[in-house]
Amino acid sequence: MTPPEVQFWKRAANDLRIVIETPFRLALPGGATLYVSALVKDFGSRRGMVVDADYSIISAHIPALKELGFGYCGNLGGSPETYDRAAMIEVLADWGWSGSSDKRPDWLP
């Protein structure tokens with residue numbers, strides 16, 4: 001069974017036609033592995049935004065994420081029923097587009 005957070009991010013990816021890797025696993029310097037709901041590519045930092053509904057999963061790894069070129073956001077995502085297109089567009093616009101200019105979504109303000 002697919003976790004609700006993964007379903008949420010798959011719904012966002014399909015609806016907005018953006019690249020989201022969900023679930024996302026990242027090997028960190030020092031040998032730790034970070035498991036989060038998703039990596040939202042082409043937004044925020046140059047390597048994308050690491051996201052999870054549980055901020056505590058991300059918070060201990062913020063220095064490593066910054067060093068590796070990732071942005072991060074906690075307390076975002078949930079069940080697919082809570083997905084709201086307008087709210088997600090607002091979040092993504094706030095993060096900013098970091099992908100190639102020719103692939104920038106036309107719905108992005």
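For this particular structure, what's the right way to read the environment of F8?
Inspection of the secondary structure puts F8 in helix α1 (residues 4-16). The buried category is assigned to F8, whose relative accessible area is 4%. Those residues in contact with F8, other than ones at most four positions away along the chain, are G77, G78, S79, P80, T82, Y83 and M88.

Could you clarify how one ought to interpret the environment of I62 in this entry?
The residue I62 is located in helix α3 (residues 62-68) in this model. A residue is classified by how much of its surface remains accessible, and I62, at 12% relative accessible area, is buried. Distance in space between the C-alpha atoms of I62 and L26 is 13 Å, their sequence separation being 36 residues. If we ignore the near neighbours within four places in the chain, the residues touching I62 are Y55 and Y72.

Explain the pattern of salt bridges here, please?
Two side chains with opposite charge may pair up if their charged atoms get near one another. Within the structure shown, the criterion is met by 2 salt bridges. When the shortest N-O distance is used, the salt bridge between D15 and R85 registers 2.9 Å. Taken as a pair, D15 in helix α1 and R85 in helix α4 (residues 85-95) lie far apart in primary sequence, 70 residues in all. We classify R85 as partly exposed; its relative accessible area is 36%.

Sorry, what's going on with the pairing of strand β3 (residues 33-36) here?
Both faces of the sheet carry side chains from a regular strand, because those side chains alternate between them. Burial along β3 is one-sided: L34 and V36 are buried, while T33 and Y35, pointing the other way, are not. Both strand β2 (residues 24-27) and β3 contribute to a ladder of 4 bridges, which runs antiparallel. When the sheet's bridge partners are listed, L26 is paired in β3 with L34. Hairpin connection between β2 and β3: a loop of 5 residues separates the two successive antiparallel strands, and G30 in this loop has a positive phi of roughly 95°.

What am I meant to see in the nonpolar core here?
Soluble, globular proteins show a tendency: their nonpolar side chains are buried together. Ranked by size, the top nonpolar core spans 21 residues in total, and within it W9, V40, L92 and W95 carry the most contacts. It is α1 that contributes the most residues to this core, 5 residues altogether. When neighbours within four sequence positions are excluded, W95 is seen to be in contact with V40, F43, G44, M49, V51, C73 and L76. Judged by nonpolar contacts, the second largest core, of 12 residues, contains L28, L34, L39 and L65.

Each value, and the rule that gives it
Residues numbered from 1 in each chain as written. Predicted model: local features only at pLDDT ≥ 70, side-chain atom pairs only at ≥ 80, totals over all residues. Heavy atoms only, no water. Helix = DSSP H or I, 4+ residues; strand = E, 2+ residues; numbered from the N terminus. Buried < 20%, exposed > 50% of the residue type's maximum accessible area, 1.4 Å probe, protein only. Contact = heavy atoms within 4.5 Å. Salt bridge = Lys/Arg side-chain N within 4 Å of Asp/Glu carboxyl O. Pairing = 2+ DSSP bridges. Core = buried A, V, L, I, M, F, W, Y, C linked by side-chain atoms within 4.5 Å.

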